[in-house]
Amino acid sequence: MPSLRQLLAKHSPLLFIDAASARVQVGWVTEKSSRWETSEEESGIGVFRGVEALGVDPAGIGAFVFCEGPGSILGIRTVAMALRTWTLLQPKPVFSYQSLALVAHGTGETGLRVIADARRDSWHVFQAGGKLQRIATADLPGNLAMPEPFRAWTPVPANTRRIPYSLADLLPRVAEVDLFAPATAPDAFLHEEPNYVTWTPQVHRAPLPAQ
């Protein structure tokens, strides 16, 4: 997995797109500077307005970088769909990163566990030096923080701190950390693939009379 420094050295300029939270962030990042646009609009609007506001020339993009999650599945898949379309029209490398890993490494706080809602009374949990986990609310450890613009559908655990989720601030702090992975088929991160139950259709009949 390359670091931001390595990505910039090989693919600059980079177009960052993050719709994992309630705030869409789009950035044009080079080795010397960066420009950012943010939007509180829903991802299907905010992503494209952000790219338009930056005045990006598609031919000049060295690589796309997007957040695969955890976060808003709708927002992430909106970005993934756009990337698949753009790279089909004009092939470019695509790289992904995970939101909680970016925050955990960007804060630099030892022992901090960054969380995001995983539904069904469970949470995505990441600690620098470890792996992304999904943990039930009752089993959550201490020293928790949650990125500020992330939505939660269940009550946030007590004593959880809210911390900013700003790529403009976080990326310079993690420039040497290996956080990025090639994404040949951009999509939202899942802990495991969905497991669908199969069933055989049957015609409903009245119960047979008792003998």
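Residues numbered from 1 in each chain as written. Predicted model: local features only at pLDDT ≥ 70, side-chain atom pairs only at ≥ 80, totals over all residues. Heavy atoms only, no water.

**Section: the sheet that holds strand S7 (residues 122–127)**
Phase 1 of the analysis: Strands sit in the order S8-S7-S6-S9-S10 across an open sheet of five strands; the sheet is mixed. Edge positions in the open sheet fall to strand S8 (133–136) and strand S10 (161–163), since each of these has one partner strand only. Between one strand axis and the next, the sheet turns by 40° as a mean value, whatever way the strands run.
Phase 2 of the analysis: Relative to strand S9 (residues 144–147), strand S6 (residues 113–117) is paired through two bridges, and the arrangement is parallel. Considered in S9, the bridge of Arg-113 is made with Leu-144.
Phase 3 of the analysis: Running at roughly 40° to S7, helix H4 (residues 99–107) makes contact with S6, S7, S9 and S10 of the sheet. (Pairing = 2+ DSSP bridges. Helix = DSSP H or I, 4+ residues; strand = E, 2+ residues; numbered from the N terminus. Axes fitted to C-alpha atoms, helices over the stretch in contact; angles between N-to-C directions. Contact = heavy atoms within 4.5 Å.)

**Thoughts on the pattern of salt bridges**
Phase 1 of the analysis: Per the stated rule, a full pass over the model turns up six salt bridges.
Phase 2 of the analysis: Ionic pairing is found between Arg-5 and Glu-176, a salt bridge with its closest N-O pair at 2.8 Å. Here Glu-176 lies in the loop between helix H5 (167–170) and strand S11 (181–182) and Arg-5 lies in helix H1 (residues 4–11), a separation of 171 residues in the sequence.
Phase 3 of the analysis: Its relative accessible area of 55% is what places Glu-176 among the exposed residues.
Phase 4 of the analysis: A salt bridge links Arg-77 to Asp-187, with the nearest nitrogen and oxygen atoms 3.2 Å apart. One end of the pair, Arg-77, is in helix H3 (residues 73–89); the other, Asp-187, is in the segment after S11, and 110 residues separate them in sequence.
Phase 5 of the analysis: Exposure remark for Arg-77: the relative accessible area of 39% places this residue in the partly exposed category. (Salt bridge = Lys/Arg side-chain N within 4 Å of Asp/Glu carboxyl O. Buried < 20%, exposed > 50% of the residue type's maximum accessible area, 1.4 Å probe, protein only.)

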